[in-house]
Amino acid sequence: MRGCARYLVCCLLLLSTLWPAQPVRARHAMVVSREGHATDAGVAILRAGGNAVDAAVAVGFALAVTHPQAGNIGGGGFMLIRFSDGRTTFLDFRERAPLAAAADMYLDATGKPTESSQFGYRASGVPGSVSGFELAHRRYGSLKWPRLLAPAIRLAREGFPVSYDLARSLRSSTALARDAESRRVFQRDGRFYEAGEVMRQPELAAALARIASVGSRDFYTGETARLLVKAQREHGGLITRDDLAGYQAVERTPLVGTYKSYRLITAPPPSSGGVGLLEMLGVLDGSGYEREGAGSAASIHFVAETMRRFYADRARYLGDPDFTHVPVAGLISERYTAGLRRLIDPERATPSDQVAAGRPEGNESDQTTHYSIVDANGNAVAVTYTLNGSYGSGVTVPGAGFLLNNEMDDFTVAPGVPNMFGLVQGEVNRIAPRKRPLSSMTPTIVLREGKFYSVLGSPGGSRIITTVLQVFLDMADFSMGLQDAVNWPRFHHQWKPDVLRMETGFSPDTIKLLRARGHEVETVGSIGEVSAIAREGEWLAGAADPRTAGKASGY
Ligand code: GLY
C-alpha cells in the first residue's frame, strides 16, 4: 500500500518535472492579483514610471471596485516592502476595535456568542486601508496620489463587465443579501449582477474621487467619515467620529528568519502569520521530513504535526503587540523549535487534546486577498488586505458605496469558542478598545543567497499561514517551479478542531496511510489562493492560482 502511494506521488512529480506548469514571464516588472482589471491597473502604473509601491496602492484601490469580496477601503491589511537596496519595511493598517468595544460584546445574556461579530454594523473594526495606502504613498511612492486612484475611479464610474467568478460569488453571498443597501448596490432589477453585465458603482466612484482630491482626510474626518458615522449611529454600530479621527496606520519592522539557503522576510504581530511561518520552518529544518517526497503520507504527516503545534502556540501567545507581550523571539528560536521537533512522532498523530502550547523563552475568506508586485528596479511589494469574511459584514455604507469589514470576528469572542475559521483562540486576543484583532495574513518575501527570489501570499483565514508555508516548501525542498508550487494540492491542520483538511488531488492511498497514522482526514474544496512572483535568471515569473480567476501580467 505504502509503495503504491509512493509510486503515484513519484508519477505526479515526474509529470510536473517533465511538463512544468508555465507561469507568465516578463523581463522587467510583474503584477499578480486576484482580479484582471486590478492587475492591469498595476501594470499601467508601472509602465507610466511608477514604482512597486505606487502600483500596490493603485491595485489596492482597484480591487476595492472589482473584487468586492475582499478588495476594500472599508477593511484593513498589511504591506510588506523590500527595496532593491535591501531595506525592508512593513506597514500595518489592520483595523482596530472601536472605543466602545468590550470583551463580552458578542455574547448574549446566557453567555453564548451571537452572530453579530460576523454580520451587520456591529461586526466592524475601524477601517485602516485608506490610511495605510496613504502612508505607503507618502513615504515611498513616486507618482502623484490622484494618478494612483484614477484607474479605480474609472472602473467604479464607467463600470466593468462582471466576471463569471464574481457573478457566482455575489449570488452565493448570504452576507450581502441581508443588507438593503448592499442589495441596491450589487443587484439590478432585484437580482445580483450576472456574468457579462456592466456593474457601475457611482457612490463608490464619488468616495474615491474625494479621497483622490483631499487624501485620507476625507475618509477619517471628511464627507466619507460623516456618511460612515451616520450609518453606524442609525444601525446600532459602534464606530464614532473619534474612532475614525484617531486611526493611523503604523510602520513596523518585518520579521526575518532563515531556512537552509533562504532568508524569509515576513509579517510581525499583530499577524500570527510570520511567527507561524518561521516557527514551523524551524521545526521542519533538519527534520528530514522531505525525504519521502512531496505529497507522500510521511511528509504530510510530519508537516501536519508541525502545524498542529504552532496553532496551539498561536492560541496561547499571539495578539496585538501594543496590548500584550508576544514572545516572538522565543517562539522562533532554534532551541524552542528543536524541542517541538523532538515531540513529533514520525509514525503517529498526536491527538490535539494532548498538545498544549509550549514554553518559549522570553515568555513570561472566504476571505481576504493578496497581491504581489515587482518593479523594473527590483523593488518587491506584498500586500494582503481584507474585509475578513467574503464581503465582510455584508453592510454597504449608504451614499458611500463601500462594504464594511467584519474583522471583529478575528478577536476571541469567547475563549474556547471557534470563530468563522473554526479557530479556537485565547485570552491574549480578547476584545479591548483600540486593540487590533490577531491576523493570519502572511505577506512574505524570500531571498536566496542574499538576492530576491520570490514574493508571495494568500487569503484563507487561518489557512493562510499553512498555504504560504507549503508553496515555499514545494519550491525550496521539492524543486518545483513557481507555478507547480502554486498549483500543487495543499493540506491544513490548525490544532483544533483535530482534523487534517486535504484538498482533492491527493491519492486515496495517501489518505488511507494518513488515517492509519491516526489522522482524522477531511477532504475540502480548496485551501488558499496564492499570488506569487519568482525570479528565474533574467526573467520574472508570475503565478496566479488556478483555484481562482486571478491574473499575472508584466512587461
Ligand atoms: N481576516 C483574516 C486574517 O486577518 O487572518
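Summary of the structure given here. From a predicted model like this one, the values you see are computed outputs, not experimental measurements. Along each chain, residue indices are assigned from 1 in the same order as the chain's sequence is written. This being a predicted model, a pLDDT of at least 70 is required before a residue's local features are given, and a value of 80 or more before pairs of side-chain atoms are given or counted; all residues contribute to the totals for chains, interfaces and linings. Calculated side-chain values reflect all of the structure's heavy atoms, with hydrogen atoms and water omitted.

**Points about the pattern of salt bridges**
Right, so step 1: Should a side-chain nitrogen of Lys or Arg be within 4 Å of a carboxyl oxygen of Asp or Glu, the pair is scored as a salt bridge. Under the counting rule described, the total for this entry stands at 34 salt bridges.
Right, so step 2: Residue Arg308 pairs with Glu305 through a salt bridge whose shortest N-O separation is 2.7 Å. Of this pair, Arg308 and Glu305 are both found in helix H14 (residues 297-317), three residues apart, which corresponds to roughly one turn of the helix.
Right, so step 3: Here Arg308 falls in the buried class, since its relative accessible area comes to 1%.
Right, so step 4: Only protein chains enter the accessibility calculation, which uses a 1.4 Å probe; a residue whose area is less than 20% of its type maximum is buried, one above 50% is exposed, and one in between is partly exposed. Classification of Glu305 by relative accessible area gives buried; the value is 0%.
Right, so step 5: Among the ionic contacts, a cluster of salt bridges with common partners joins Asp92, Arg252, Asp320, Asp322 and Arg436. Note on conventions: DSSP H or I runs of at least 4 residues are helices, E runs of at least 2 residues are strands, and numbering of each starts at the N terminus.

**Overview of the sheet that holds strand E9 (residues 250-252)**
Backbone hydrogen bonds are what pair the strands of a sheet, in a parallel or an antiparallel way.
Right, so step 1: Pairing between two strands requires that DSSP report at least two bridges joining them. Spatial ordering of the open sheet is given by E9-E4-E3-E13-E12-E2-E21, a layout of seven strands whose pairing is antiparallel. One side of each edge strand has no neighbouring strand; the edge strands of this open sheet are E9 and strand E21 (551-554). Sheet twist, expressed as the average angle between the axes of neighbouring strands with direction ignored, equals 15 degrees.
Right, so step 2: Pairing between strand E2 (residues 30-33) and E21: four bridges, direction antiparallel. The residue of E21 that forms the bridge with Val32 is Ala552.
Right, so step 3: A contact between two residues is defined here by any heavy atoms of the two lying within 4.5 Å. For helices, the axis comes from a line fit to the C-alpha atoms of the stretch in contact; other axes are also lines fit to C-alpha atoms, and the angle between any two N-to-C directions lies between 0 and 180 degrees. The strands touched by helix H3 (residues 52-66) within the sheet are E2, strand E3 (76-82), strand E12 (368-374) and strand E13 (380-386), with E12 carrying the most contacts at an inclination of about 150 degrees.

**Observations regarding the environment of Gln69**
Right, so step 1: Assignment of secondary structure puts Gln69 in the loop between H3 and E3.
Right, so step 2: Judged by its relative accessible area of 5%, Gln69 falls in the buried class.
Right, so step 3: Put simply, Gln69 and Ser173 are 104 residues apart on the chain and 9.2 Å apart in space, counted from C-alpha to C-alpha.
Right, so step 4: Once you skip the residues sitting within four places of it in the chain, Gln69 turns out to touch Asp165, Leu166, Ser169, Leu387, Gly389, Ser390, Tyr391 and Gly392.
Right, so step 5: In protein, a polar contact requires one atom able to donate a hydrogen and another able to accept it; more generally it is a pair of N or O atoms within 3.5 Å, and residues adjacent in sequence count only if both atoms are side-chain atoms. One polar contact links Gln69 to Ser169, side chain to side chain, over a distance of 3.3 Å.

**Some details on the nonpolar core**
Right, so step 1: Put simply, a nonpolar core is a bunch of buried Ala, Val, Leu, Ile, Met, Phe, Trp, Tyr and Cys residues held in one set by side-chain atoms that sit within 4.5 Å of each other. Counting residues in hydrophobic clusters, the biggest one holds 86 residues, and the most contacted among them are Leu469, Phe472 and Met502.
Right, so step 2: Element by element, the count of residues in this core is highest for H14, at eleven residues.
Right, so step 3: Beyond its immediate sequence surroundings of up to four residues, Met502 is in contact with Ile300, Arg490, Phe491, Ile511, Leu514, Val521, Glu522, Thr523 and Val524.
Right, so step 4: One finds Val59, Tyr140, Leu155 and Tyr220 within the second-largest nonpolar core, a separate group that totals 80 residues.

**Some thoughts on the layout of surface pockets**
Right, so step 1: Estimated volume of the second largest pocket: approximately 240 Å³.
Right, so step 2: The rule is simple: put a 1 Å grid over the protein atoms alone, call a set of points where a 1.4 Å probe fits but cannot get out a cavity, call an open set with protein on both sides within 12 Å along at least five of seven lines a pocket, and count a residue as lining if it has an atom within 4 Å of a point. Forming the walls of the second largest pocket are 13 residues, and the residues nearest its centre are Thr258, Leu278, Gly282, Ile332 and Glu334.
Right, so step 3: Elements represented by at least two residues in the lining of the second largest pocket include exactly strand E10 (255-259), helix H13 (273-284) and helix H16 (334-343).
Right, so step 4: The element that contributes the greatest number of residues to the lining of the second largest pocket is E10, accounting for four residues.
Right, so step 5: Side-chain classes are defined by residue name, with Ala, Val, Leu, Ile, Met, Phe, Trp, Tyr, Cys and Pro counting as nonpolar, Asp, Glu, Lys and Arg as charged, and the others, Gly among them, as polar. Looking at the lining of the second largest pocket residue by residue, the class counts come to five nonpolar, four polar and four charged. Grid points are joined across faces, edges and corners, and a volume is the space filled by probe spheres set on the points.

**Notes on the pairing of E10**
Right, so step 1: The side-chain alternation of E10 yields one buried face, formed by Leu255, Gly257 and Tyr259, and one unburied face, formed by Val256 and Thr258.
Right, so step 2: Strand direction decides the pairing type here: E10 and strand E11 (residues 262-266), joined by five bridges, are antiparallel. Its bridge partner being in E11, Leu255 is matched across the sheet by Thr266.
Right, so step 3: In this structure, the hairpin formed by E10 and E11 is closed by a connection of two residues, where Lys260 is found at a positive phi of approximately 50 degrees.

**Points about the environment of Ala414**
Right, so step 1: In this structure, Ala414 sits in the loop between E13 and strand E14 (444-448).
Right, so step 2: For the pair Ala414 and Gln425, spaced eleven residues apart in sequence, the C-alpha separation works out to 8.1 Å.
Right, so step 3: Here Ala414 is in contact with Leu107 and Pro113, once residues within four sequence places are set aside.

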